[in-house]
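Chain and residue survey
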Amino acid sequence: MHSSLFFGFFFSLLILFFIRNCYGLENDCDVNEPHMHEIKYTEQTPREISEKVLQHGNYLKKQRKLSQWNQYCNDFPTKLRFNDDGTFKIAIFTDLHYGEGENEAWGSEQDTNSTMVMKSVLHVENPDFIVFDGDQITGNNIYFNATTYMNEVYQPAIQHCVKWSLLFGNHDDLSSGPGETRSDLMAFDQTYDLSYSRAGPKNLTGVSNYYLELYDNVEIENEIPKAIFYYFDSGGGKEQSGYIFPDQVEWYKSVSTYITKKYNQVIYSIAFFHIPLQEYIPAYSEKNTCVGYKNESVAYQTKNTGLFQAFLDQTDVKAMFCGHNHRNDYCCDYKGLYTCYGRHTGYGGYGDHNPELQGSRMIELYKNNQTNTIDFNTWIRVQNGSIS
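Below you will find a few notes about this structure.

Definitions and cut-offs
- Residues numbered from 1 in each chain as written.
- Predicted model: local features only at pLDDT ≥ 70, side-chain atom pairs only at ≥ 80, totals over all residues.
- Heavy atoms only, no water.
- Helix = DSSP H or I, 4+ residues; strand = E, 2+ residues; numbered from the N terminus.
- Buried < 20%, exposed > 50% of the residue type's maximum accessible area, 1.4 Å probe, protein only.
- Right-handed = clockwise from strand over helix to strand, strands pointing away.
- Pairing = 2+ DSSP bridges.
- Contact = heavy atoms within 4.5 Å.
- Axes fitted to C-alpha atoms, helices over the stretch in contact; angles between N-to-C directions.
- Polar contact = N/O pair within 3.5 Å; in protein donor to acceptor, adjacent residues only side chain to side chain.
- Phe/Tyr/Trp six-rings, centres within 6.5 Å; stacked < 30°, edge-to-face > 60°.
- Lys NZ or Arg CZ within 6 Å of the ring centre and 35° of its normal.

**What about the overall build of the protein?**
Each helix and strand in the protein was counted, giving nine helices and 13 strands. When the 388 residues of the protein are sorted by exposure, 54% land in the buried category.

Have a look at this one:
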């Protein structure tokens, strides 16, 4: 009798330890829970694209063309542009974690709640653009239908006719079967007319390394972009360790230098990645000018390869945005650069979930025509419609 009680108590402690280490304050586990499939880590970036992924993407594309959506949501310019009032508003949706409960009764309800968050933000804010900032899905809980979940992720954007871009987090490439790789998911994403996402250079670590240009509201000959959006694949899945590699930093420096020389000026830029840089720790701990909350330890990139310093040296990037830590949403002015978290959007993943918490970091870029400069405002919009 006493031995049974001791075993039960010991087993309970093991379970609590497991939960703490997988969903607690300092970790974001990829270990195999009983309902998860086996994960085979590769530490490489496969570029082959599954034919089944393309077939599914093209099938859905044909269905969209036959739907009512195509009748009123098909008049977008090729280039991203400021609005006539000189603003451009971005909603960051991060850590949605669709598919987390694929084999559980609560799974579909959780995903439906995440959809409602996005719909609420889009309805209230009416942004011009969406950045899906990683961990769109919990791939390690998904078997053979990752693209089905990704299609579900995109529905609020499609229904509201909002363009988007995406980058990958540490859970997106952990599914099994078609759609399991970053390349598969990016190829599937690019079958959507509203997507501005790009697969980066094949010689780079990761897949979601690219940049987008934002132009003035009126098209002119030989126009110069007003702003640049840089995207970095911070890895953390089965194809890449959890940091931005040196070759990615060199790619950014090369592109930034090229753009500066091409247009004979430094173009205002912002950057997006999923896992925070190590500089997010001193940005908050040194009591810089910060807004927002730090409710957990920073789960930073495992190596510092100099991206923050590259931003300082190139002088173009003025702000950076990440996800990954579900309980942090602070934004700090650190050495003249804004180091900002998004807001945990999804009802999936660790942390509390309710309409007062789940939401989106909003970014509004605006032009000052008198000084010919760009700046931004930022705030958190939550599901219940309020500003946090």
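After that view, the rundown keeps rolling.
**A look at the pairing of strand E7 (residues 268-272)**
The element E7 is largely enclosed, with a buried count of five among its five residues. Burial along E7 is two-sided: the face carrying Tyr268, Ile270 and Phe272 and the face carrying Ser269 and Ala271 are both buried. In this view, the connection linking strand E6 (residues 227-231) to its parallel neighbour E7 by way of helix H7 (residues 246-263) has right-handed handedness. Bridge analysis of E7 against strand E9 (residues 317-322) gives four bridges, and the strand direction is parallel. Looking at E9, one finds that isoleucine 270 is bridged to alanine 319.

**Overview of the sheet that holds E9**
Read from one edge to the other, the open sheet built from eight strands follows the order E1-E5-E6-E7-E9-E11-E10-E8, with strand pairing classed as mixed. Each end of this open sheet is capped by a strand with a single partner; those strands are strand E1 (80-81) and strand E8 (289-291). Seen against the sheet, helix H9 (residues 307-314) touches E7, E9, strand E10 (331-334) and strand E11 (337-341) and runs at an angle of roughly 140° to E11.

**Brief notes about the side chain of aspartate 95**
If you trace the backbone, aspartate 95 turns up in the loop between strand E2 (87-93) and helix H4 (107-125). Reaching out from aspartate 95, the side chain makes a polar contact with the backbone nitrogen of histidine 324 at a distance of 2.9 Å. If we ignore the near neighbours within four places in the chain, the residues touching aspartate 95 are Gly134, Asp135, His274, Gly323, His324, His326, His344, Thr345, Gly346 and Gly348.

**Notes on the environment of glycine 292**
Note on placement: glycine 292 falls in the loop between E8 and H9. Residue classification places glycine 292 among the partly exposed positions, given a relative accessible area of 43%. Sequence separation of glycine 292 and aspartate 329 is 37 residues, and the distance between their C-alpha atoms is 5.5 Å. Other than its neighbours up to four places away in sequence, glycine 292 contacts Asp329 and Tyr330.

**As for the sheet that holds strand E3 (residues 129-132)**
Within the open sheet, the five strands sit side by side as E4-E3-E2-E12-E13. Their pairing is mixed. In this open sheet, the two edge strands, each paired with only one partner strand, are strand E4 (163-166) and strand E13 (373-382). Adjacent strand axes in the sheet meet at a mean angle of 25°, parallel and antiparallel pairs treated alike. As paired strands, strand E12 (residues 359-368) and E13 are joined by ten bridges and run antiparallel to one another. Each bridged residue has a counterpart across the sheet, and for arginine 361 the counterpart in E13 is isoleucine 380. Here helix H5 (residues 146-159) sits on the sheet and contacts E3 and E4; the angle it forms with E4, its principal contact strand, is near 145°.

**A short note on the packing of aromatic side chains**
With the rule as written, the count across this model stands at 32 aromatic pairs. When the ring of phenylalanine 93 is compared with that of phenylalanine 132, the centres are 6.0 Å apart and the planes differ by 45°; the resulting orientation is tilted. In this pair, phenylalanine 93 sits in strand E2 while phenylalanine 132 sits in strand E3, placing the two residues 39 residues apart along the sequence. A relative accessible area of 0% places phenylalanine 132 in the buried class. Joined through ring pairs, the aromatic side chains of Phe82, Phe88, Phe129, Tyr196, Tyr210, Phe229, Tyr231, Phe272, Phe321, Tyr338 and Phe376 make up one cluster. Taking the ring centre of tyrosine 215 as reference, the NZ or CZ of lysine 79 above it sits at 4.5 Å.

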